[in-house]
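Chain by chain, the residues:
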Amino acid sequence: MLGMKNEDLTQHEVILALGSNLGDRLAVLQAAVRALKPYVSVEACSPVYETTPAYVTDQPLFLNAVIKGTTALDPRGLLFTVKNIERELGRRPTFRYGPRVIDIDIIFYDQLVMHTPELSIPHPLMTERAFVLKPLADIDPQKIHPILNKSAASLLQMLAASDPMQAIKGTLPCS
């Protein structure tokens, strides 16, 4: 079993961002969604976008997407689960912001605000990342950031990203 499930079966809304820039990027994103399904009831998948790397730019282009769903896992259980899925799909430690087979970030967990050494929710860098905000706005434009009290659509408008994002023809196995 990848993650630890709560005894409490309360379902929590989660939004996860997925990215890949090594190997068969689309196949890896699709495999990640399938691997998440025992733990997250996936309700919506954004289009998949090809994006330029952020922070460390000398690396291959990324494919990025966002999924929305519900889980009975608590935040730490969800983190444990996504990190195990990343390892199972071939992610290996590299340098910060470096190339990776798969990256799964917890963007939102209900309207929770938490900061621990291993996990911050909402994701602290999401507001500077068009590759998160654009797919998020595609599937839930009215999603409110619990700290900034602004919608995903308005956060995307405020970003004024100069990096064009290209939607690709591939899709994620949402249903």
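Our subject is the structure that appears above.
Here is a short report on the structure shown in this document. Quick caveat: nothing in here was measured; it's all calculated off a predicted structure. (Residues numbered from 1 in each chain as written. Predicted model: local features only at pLDDT ≥ 70, side-chain atom pairs only at ≥ 80, totals over all residues. Heavy atoms only, no water.)

## Some details on the nonpolar core
Put simply, the rule reads: The term nonpolar core refers to a set of buried residues drawn from Ala, Val, Leu, Ile, Met, Phe, Trp, Tyr and Cys, joined through side-chain atoms within 4.5 Å. Using a 1.4 Å probe on the protein chains alone, a residue whose accessible area is under 20% of its type maximum counts as buried, one over 50% counts as exposed, and one in between counts as partly exposed. Each helix corresponds to a stretch of at least 4 residues labelled H or I by DSSP, and each strand to a stretch of at least 2 residues labelled E; elements are numbered beginning at the N terminus. We call two residues in contact whenever any of their non-hydrogen atoms come within 4.5 Å of each other.
L16, L18, V40, I67, L78, I104 and L172 are the most contacted members of the largest nonpolar core, which has 31 residues in total. Counting residues per element, the ones that place at least two in this core are β1 (12–20), α1 (25–36), β2 (41–45), β4 (62–71), α2 (75–88) and β5 (103–109). Here this core gets six residues from one element, more than from any other, and that element is α1. Each residue touching L172, except ones within four places of it in the same chain, is listed here: L29, Q30, V33, C45, S46, V48, A65 and I67. Counting 14 residues, the second largest nonpolar core, distinct from the first, contains I15, I107, M126 and I139.

## Topic: the environment of G19
On the secondary structure map, G19 appears in strand β1. Judged by its relative accessible area of 3%, G19 is buried. A C-alpha to C-alpha distance of 9.4 Å links G19 and V132, two positions 113 residues apart in sequence. When residues no more than four places from it in sequence are discounted, the contact partners of G19 are L29, F62, L63, N64, V101, I102 and D103.

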